[in-house]
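Tertiary structure, described
The residues making up each chain are set out below.
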Amino acid sequence: MKRTSKKDDFRANIHSGGTAENVTLSDEMSDVALQAAAAINSDIIAIDMIEGKKGPLVIEVNLN
């Protein structure tokens, strides 16, 4: 999902007033997500990722 913050807030958390929308990952984003899962040896994770100038960047990896 892609989260977006309110206009006057930097937090995109849903409970802080942010909104969410479905997103289809690019092949590059999918590859980065799979690499992050492999790096922590887990099949089910949640990843916070942003699109950087040189491609996707992992901000945080959460075990579910």
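One structure accompanies this document, and this report is about it. Predicted model, so just to flag it, every value in this text is computed and none were measured.

Let us look at the pattern of salt bridges. One side chain can pair with another of opposite charge once the charged atoms of both are near each other. Inspection of every chain in the model, using the stated rule, returns one salt bridge. Arg11 is the salt-bridge partner of Asp9, the closest N and O atoms lying 2.8 Å from each other. Taking relative accessible area as the criterion, Asp9 reaches 14% and is therefore assigned buried. Residue Arg11 is classed as partly exposed on the basis of its relative accessible area, which comes to 40%.

This part covers the side chain of Ser16. Relative to the helices and strands, Ser16 is located in the loop between strand 1 (2-4) and strand 2 (19-21). If we skip the residues at most four places from it in the chain, Ser16 touches Lys6, Asp9 and Arg11.

Thresholds, definitions, all that
- Residues numbered from 1 in each chain as written.
- Predicted model: local features only at pLDDT ≥ 70, side-chain atom pairs only at ≥ 80, totals over all residues.
- Heavy atoms only, no water.
- Salt bridge = Lys/Arg side-chain N within 4 Å of Asp/Glu carboxyl O.
- Buried < 20%, exposed > 50% of the residue type's maximum accessible area, 1.4 Å probe, protein only.
- Helix = DSSP H or I, 4+ residues; strand = E, 2+ residues; numbered from the N terminus.
- Contact = heavy atoms within 4.5 Å.

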